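Secondary and tertiary structure notes
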Amino acid sequence: MTTDTGAAVSTRGLTKRYGATTALHGLDLDIPRGSVFGMIGPNGAGKTTTMRLLLDIIRPTAGELVVLGRPPREGGAELRRRIGYLPGELHLGTRVKGREFLAHYAEISGPVRKGAVDDLADRLGVDLGRPVRSLSKGNKQKVGLIQAFMHEPELLVLDEPTSGLDPLVQQEFHAMLHEAKAKGQTVFLSSHVLSEVQQTALEIAILKEGRIVEQSTVAALRENAVRHVKVVVAETDAADARATLDSLPGVAGLAAAPNGPGTVALSATLDAHVDAFVKAVARLDVIDLTMEEPDLEEMVLAYYGTDVSSTAEPVEADRKAAKR
Amino acid sequence: MNRMLPLFRRSILDGWRGLVGWTIGILAALFLYLPLYPSFGGNGQMQQIIDTLPPELVRSLNYDQIGSGPGYAQATFYGLIGFVLITIAAVGWGTEAIANDEENGQLELTLAHGVLRGQVFAERAAAVLVKLVWLAVVSVAVVMVLNEPAELGIEFDHLVATAVAFLGLVSLAATAAIGVGAVTGRRSWAVGAGAGIAVYAYALNALGNQSDDLGWLHDWSPYSWAYGDSPILNGWSGTIWLNYAVIAALLLVGWLVFRRRDVAV
């Protein structure tokens, strides 16, 4: 097996097939210890499959997988005590009260500090005196978060953790992630939208149809993201400005439009190369300049749309949708 | 930190309401049926009624022994109402053990904690079996209490043998549901297996009762293995243990497959 690279999670060629459908096509992933790592992708991309493999709920078809230095299959119960897991589809139908429910899970997870459960319940604002099944979706999610966090595990695996939480609780949850990171815990979380992970995760992987289509930091994503720019110049300078912009690297889709009396607005998209653009524009007589903040979400959506299954393999079904 | 058998205790605690309910059910059935014996069973009245019924029906219901005290307890409770009631409980509990928990998504959460698959299977199966043992013990206690007032004349040793045979029969349905649930993870398959094996056992025995030509069917009926030699009249018989052998096989297969397969897919 793989040697311990020091990463919290390390996979090489991780593959999972269910009969004829392939949920994961040889995933290579390294999640450094102490980092917050976000995995985003549309439904059925393989996020839940990846996370279940880490917890040994399902077993890989091929490839290598090491979690906290051990393959999940060998690590067994002892390894899982060091992990906190929030399933993507949390169904809590028991009539047992929240406190009793969590006490049971505390018994079968790592040691839970006295008062830890109540502290977390206070922070998230959930009443543990009520039967779990009578709680709203959001409050059940909070109970799920508490059982994942309560034993302060080395690794937190959270599948769409903010689903059902109101914005205030989401903020509290983000604070919890920051504290976990400060304490040296590793966080691996998933979402189908970037906005949920970009506030906390430094590194992200974009997953589509069982493949990683992009692995990057949020900062690098932002740097490479496409910006919309608009330069307003006097009509007389328009031709010169147009020529200048056209010659710049990274500028695309340049278009001119009348912009009030005597001025012309030149709009384009700019891909990275911000520095060259600003320096070139500085030489012009600029009336107005607008550069929009890059829309990362739009960029991620573009990845979702990318056709990555151009190989001869059969198009896989949406695992998550097909499941139930 | 961790006390013993957390999953076993959780199963028992989660199911105590149901267990109380089934215990009351058994008490009600026994206290309704058995005290009636002296008034119309013991004086031959019952036998007269039975004699007017079509013999095929009498044989299907195993009512041929109903004229004696032990036969009455066997025909009414252990062979019929108790068997039906506790089989329902057994199949329900057996399905809950793995399949139901898996389909409603909570098994995934449990398995993500510091437990082993085999441990989950063993502790939950044990919880089901302990609850069934409890119900069998309750039946023995109640029959012993009613034995004299209801003039049943059942020997204690024979009663214990009957209860063990009964336990084997209902546990077979429970373990079929547990085992098939552990292999497939599907509630419908688990219920089908548990209920199916009970119906199969009863139907095959009833058919075997119809004529000597069909008598060989008894060899294949778990119901006949339990009651074919009338343990309530004759005491222990070897075939009682056949059910326990099948139970052990079902548990072994369930355990082996459950440890290896993917959960929650």
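Residues numbered from 1 in each chain as written. Chains lettered and ligands numbered in written order. Predicted model: local features only at pLDDT ≥ 70, side-chain atom pairs only at ≥ 80, totals over all residues. Heavy atoms only, no water.

Per an unreviewed UniProt entry, chain B is named ABC transporter permease subunit, and its organism is Agromyces luteolus.

Chain A has the name ATP-binding cassette domain-containing protein in an unreviewed UniProt entry, where Agromyces luteolus is given as its organism. UniProt annotates chain A under Subcellular location (unreviewed entry) with the comment "Cell membrane". Check the Sequence similarities (unreviewed entry) section of the UniProt entry for chain A; it says "Belongs to the ABC transporter superfamily." (UniProt positions renumbered as here; feature names shortened; annotations may be inferred.)

1. Remarks on unusual backbone geometry
In the Ramachandran plot, A:E152 falls in the positive-phi region, its phi being about 40° despite a non-glycine side chain. Given a relative accessible area of 38%, A:E152 falls into the partly exposed group. Look at B:L5: it is not a glycine, yet its phi comes out positive at around 45°. Counting through the fold element by element, B:L5 comes out in the segment before α1 (6-14). (Buried < 20%, exposed > 50% of the residue type's maximum accessible area, 1.4 Å probe, protein only. Helix = DSSP H or I, 4+ residues; strand = E, 2+ residues; numbered from the N terminus.)

2. With respect to the sheet that holds strand β6 (residues 155-159) of chain A
Residues and elements named next belong to chain A. Reading across the sheet, the six strands line up as β5-β6-β7-β3-β8-β9 and stay open at both edges, with mixed pairing between neighbours. Of all the strands in the sheet, just β5 (83-86) and β9 (211-217) have a single pairing partner and so form its edges. Each strand axis lies, on average, 15° off the axis of its neighbour in the sheet, ignoring direction. In this structure, β5 lies alongside β6, joined through four bridges in parallel fashion. Each bridged residue has a counterpart across the sheet, and for I83 the counterpart in β6 is L155. (Pairing = 2+ DSSP bridges. Axes fitted to C-alpha atoms, helices over the stretch in contact; angles between N-to-C directions.)

3. A look at the interface of chain B and chain A
Contact residues are listed per partner, giving 31 residues for chain B and 35 residues for chain A. Note on chain B versus chain A: buried area summed over both sides is about 2900 Å², and carbon and sulfur give 49% of it. Its largest share of buried area at the contact with chain A, chain B owes to B:E108, B:L109 and B:H113, together 21% of the area lost on that side. Linking chain B with chain A are four salt bridges. With its nearest N and O atoms 3.0 Å apart, the salt bridge here joins B:R10 to A:E100. Applying the counting rule to chain B against chain A returns 18 residue pairs in polar contact (both at pLDDT 80 or more). When residues of the side of chain B that touches chain A are traced back to their parent elements, those giving at least two are α1, α6 (69-103), α7 (106-111) and α13 (240-260) of chain B. Here the side of chain B that touches chain A is composed, by residue class, of 11 nonpolar, seven polar and 13 charged. (Contact = heavy atoms within 4.5 Å. Buried area = accessible area lost by both parts, 1.4 Å probe. Salt bridge = Lys/Arg side-chain N within 4 Å of Asp/Glu carboxyl O. Polar contact = N/O pair within 3.5 Å; in protein donor to acceptor, adjacent residues only side chain to side chain. Nonpolar A, V, L, I, M, F, W, Y, C, P; charged D, E, K, R; others polar.)

4. Observations regarding the domain arrangement of chain A
Examined at the domain level, chain A breaks down into domain 1 (7-82 + 154-222) and domain 2 (226-293). Between the C-alpha centres of domain 1 of chain A and domain 2 of chain A there is a distance of 41 Å. (Domains from an automatic or database assignment.)

5. Concerning the packing of aromatic side chains
Aromatic rings in a pair are described by how distant their centres are and how their planes are angled relative to each other. All names here are of chain B. Going through the model one piece at a time under the given rule, you end up with 14 aromatic pairs over all chains. An angle of 75° between the planes, with centres 5.3 Å apart, marks the rings of Y78 and F166 as edge-to-face. Of this pair, Y78 sits in helix α6 while F166 sits in helix α9 (residues 156-184), and the two are 88 residues apart along the sequence. The burial state of Y78 is the same as that of F166; both residues are buried. Taking 5.4 Å as the distance between ring centres and 45° as the angle between the ring planes, the aromatic pair formed by W241 and Y244 counts as tilted. One end of the pair is W241 and the other is Y244, both in helix α13 and three residues apart, which spans about a single turn. Under the relative-accessibility criterion, Y244 is labelled partly exposed at 24%. Members of the aromatic cluster, joined through ring pairs, are F83, Y202, Y223 and Y227. (Phe/Tyr/Trp six-rings, centres within 6.5 Å; stacked < 30°, edge-to-face > 60°.)

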